Amino acid sequence: MVESKPKSTGAASAEAVAAPPPTSFLGYLKSFGPGIVIALSWVGTGDLIDNSVAGGNYGYALLWVLPLSLVFRFLFVNSLAKYPLYNVQQDSSIVRGFARTHPVLGWLMLISFVLYTHLLLAFSFSGVGVALHGLFGGLTPFWWSVLGAVSVFAVTFRGAYGVLENTFKVVLAVMVAAFVVGVVMVGINWPELVRGFAFELPPQSGLFDSSLVASSLVLATLGSMANLFYPQFLREKGWVTPAYRRVQQYDLLFGSVVVLFLGVCVWALGAEVLSSGEGVEEASDIAGALGTAIGPIGTYLFYLGLLGAAWTTVAGSLFALSKMSVEALHTVRPGRRERVGDDPRKDVFYKVMVVWGLSAIVWSLPAAPGFVVLVVISHVLTSPFLLIIVVGLIAMLNKRRIMGEHVNTWKENLALVVVALLVAAAAVQGFAQVLGF
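Residues numbered from 1 in each chain as written. Predicted model: local features only at pLDDT ≥ 70, side-chain atom pairs only at ≥ 80, totals over all residues. Heavy atoms only, no water.

- The protein carries the name Nramp family divalent metal transporter in an unreviewed UniProt entry, which gives Saccharopolyspora ipomoeae as its organism.
- The UniProt entry for the protein carries this comment under Subcellular location (unreviewed entry): "Membrane". (UniProt positions renumbered as here; feature names shortened; annotations may be inferred.)

### Some thoughts on the overall build of the protein
Here's step 1: Along its length, the protein carries 22 helices and 0 strands.
Here's step 2: For the protein, the proportion of contacts with a sequence separation of at least 24, taken over those separated by at least 6, is 84%.
Here's step 3: Of the roughly 16,700 Å² that the protein leaves accessible, carbon and sulfur atoms contribute 68%. (Helix = DSSP H or I, 4+ residues; strand = E, 2+ residues; numbered from the N terminus. Contact = heavy atoms within 4.5 Å. Areas by Shrake-Rupley, 256 points an atom, 1.4 Å probe, with all protein chains shown as cover.)

### Quick look at the packing of helix α8 (residues 103-136) against helix α9 (residues 141-156)
Here's step 1: Between α8 and α9, the shortest axis-to-axis distance is 7 Å and the interhelical angle comes to 110°. The angle between α8 and α9 places the two elements in the roughly perpendicular class. Crossing of α8 against α9: the hand is right-handed. Mapping the contact onto sequence places Phe 125, Ser 126, Val 128, Gly 129, Val 130, Leu 132, His 133 and Phe 136 in α8 and Pro 141, Trp 144, Ser 145, Gly 148 and Ala 149 in α9.
Here's step 2: Partitioning the contact of α8 with α9 into residue classes produces 8 nonpolar, 5 polar and no charged. (Axes fitted to C-alpha atoms, helices over the stretch in contact; angles between N-to-C directions. Parallel < 35°, antiparallel > 145°, perpendicular 65-115°, else oblique. Left-handed = near helix turned anticlockwise from the far one by under 90°. Nonpolar A, V, L, I, M, F, W, Y, C, P; charged D, E, K, R; others polar.)

### A look at the packing of aromatic side chains
Here's step 1: Scanning all chains against the criterion turns up 12 aromatic pairs.
Here's step 2: Judged by centre distance (5.2 Å) and plane angle (90°), the ring pair of Tyr 28 and Tyr 250 falls under edge-to-face. Remark: Tyr 250 occurs in helix α14 (residues 245-273) and Tyr 28 occurs in helix α2 (residues 25-31); sequence separation between them is 222 residues.
Here's step 3: Chaining the aromatic ring pairs together yields one cluster made of Tyr 161, Phe 229, Phe 233 and Phe 319. (Phe/Tyr/Trp six-rings, centres within 6.5 Å; stacked < 30°, edge-to-face > 60°.)

### Some words on the nonpolar core
Here's step 1: Counting residues in hydrophobic clusters, the biggest one holds 129 residues, and the most contacted among them are Phe 76, Phe 98, Phe 113, Leu 228, Phe 229 and Phe 233.
Here's step 2: Excluding anything up to four places from it in sequence, Phe 229 contacts Ile 38, Ser 41, Tyr 116, Ser 317, Ala 320, Leu 321 and Met 324. (Core = buried A, V, L, I, M, F, W, Y, C linked by side-chain atoms within 4.5 Å. Buried < 20%, exposed > 50% of the residue type's maximum accessible area, 1.4 Å probe, protein only.)

### A look at the pattern of salt bridges
Side chains that carry opposite charge are capable of pairing whenever their charged atoms lie near each other.
Here's step 1: Here the structure, examined in full by the defined rule, presents 12 salt bridges.
Here's step 2: Among the ionic pairs, Glu 165 bridges to Lys 237, the shortest N-O distance being 3.1 Å. With Glu 165 in helix α10 (residues 161-186) and Lys 237 in helix α13 (residues 229-237), the pair connects residues that are 72 residues apart, well separated along the chain.
Here's step 3: For Glu 165, a relative accessible area of 6% gives the class buried.
Here's step 4: Among the ionic pairs, Arg 195 bridges to Glu 192, the shortest N-O distance being 2.2 Å. With Arg 195 and Glu 192 both in helix α11 (residues 190-195) and 3 residues apart, the pair spans about one turn of that helix.
Here's step 5: Because the salt bridges share partners, they merge into one network encompassing Asp 91, Arg 96, Arg 100, Arg 235 and Glu 327. (Salt bridge = Lys/Arg side-chain N within 4 Å of Asp/Glu carboxyl O.)

### Let's talk about the confidence of the model for the protein
Here's step 1: Chain-level statistics for the protein give a pLDDT mean of 84 and a share of 83% at 70 or above.
Here's step 2: Ignoring residues within four places in sequence, the model shows residues 8-16, a span with pLDDT below 50, making 27 contacts including any to other chains. (pLDDT = per-residue confidence, 0-100.)

### Overview of unusual backbone geometry
Here's step 1: Of note in the backbone geometry, Gln 90 takes a positive phi value of approximately 55° without being a glycine.
Here's step 2: Position of Gln 90 among the secondary structure elements: in the loop between α6 (82-86) and α7 (94-101).

### Describing the side chain of Ser 256
Here's step 1: With respect to the element layout, Ser 256 can be found in helix α14.
Here's step 2: The residues contacting Ser 256, other than those within four sequence positions of it, are Leu 70 and Phe 74.

### Structural notes on a nonpolar patch on the surface
Here's step 1: Judged by side-chain polarity, Phe 25, Leu 26 and Leu 29 come together as a nonpolar surface patch covering roughly 340 Å² of accessible area.
Here's step 2: Note on Leu 29: relative accessible area 40%, which makes it partly exposed. (Patch = residues over 30% accessible without salt bridge, like charges linked within 9 Å, V, L, I, M, F, W, Y side chains within 5 Å.)

### A short note on the environment of Leu 40
Here's step 1: Take Leu 40: it is sitting in helix α3 (residues 34-42).
Here's step 2: With a relative accessible area of 0%, Leu 40 lands in the buried category.
Here's step 3: Each C-alpha atom, one on Leu 40 and one on Val 314, is 9.8 Å from the other, the two residues being 274 residues apart in sequence.
Here's step 4: In this structure Leu 40 touches Phe 168, Val 171, Leu 172, Met 175, Leu 262, Ala 309, Thr 312 and Thr 313, once residues within four positions along its chain are discounted.

### Considerations on the packing of α8 against helix α16 (residues 296-332)
Helix-helix packing: each pair is described by the crossing angle between the helix axes and the interaxial distance.
Here's step 1: Taken N-terminus to C-terminus, the directions of α8 and α16 make an angle of 160°; their axes are 8 Å apart at the nearest point. By the angle between their axes, α8 is roughly antiparallel relative to α16. You can see that α8 and α16 cross each other, and the crossing is left-handed.

This is the structure in structure tokens:
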């Protein structure tokens, strides 16, 4: 692999100069970081509740959706990672790449980032409050959400990536331990788990029918707008030259395995303790069933895992979306970038976006829509933004003036077209179910 001099990394240069690409197995393990951060940003309340809904209401019958979606997610996000590594514009911001493809995409990115920041955090904050209330009681879930928002503010307001990555590594260890203990204590029906990889859509059980749950799972595991976080984390890490392509791919593969492992653990817990016919309506259903199955420790294990998933989603998403929103603003208002410089943290709009995201705490008030409803419906409604990203990405990665000799191969284009078709099909099906057509 040809070494190359680092490009200008914008905000990444404000953190630290990236370490040289690793050359040993241990070196690769030590260098992993963006994949862990993106994995825990993906594995939020949506994944936990969606997987629990599917496992609790349908057993293992829909399990095939999870690994299939993750394969396409890897292909999609690996394509996204090409831009900061290979573009000929010496540009580490993928947002600018979309704007170079067509100026309208800059405006669409800005609008979608602002909307998605609030939409995503709306149900994620609810998860933080529910988890903290389940663990400690005392305050209402809303006030626990407020305390969670304060902790997220402390981590994200300065925009320091190193703090975020180190915190996420600790949270990952806690989440893995919690769910592994839970699965071991509950036990798994292995023959049923294996049969779960058959392509089956069982009859409706619980609040949502199986096709809507499958659509929601496709959107959740593909990651919707959250897929764009990974190039931003690469930029923060300083991995912005072709020399980092191999470690980037292993890093993303590790993150994808983390998502799959945690998803299967949660699915198994739901399938084993919630398949008696009542269905899943709230997060407390899962915690209560685990408490009945294995004792009080089951309740605490679930809420601990939910807290880790919800908090990391809020922190990682707010960090990435706030910076990408500034980048989008700079693409449509280049004079602003000239005034404040390349570091998004120096633009007051970064702080405005952090506050805007934290204001989603209002959706944790008692009168707000239910937790599970927010999760499932939000994933369906974000599908148009994901379609824009996929179509824009295909166009961007096939322009030689942007990617030079590293334009997409036909295989890479085929993978992205399949992703676009999956998202479009899931979106149509999801909207039809929600609107009652």
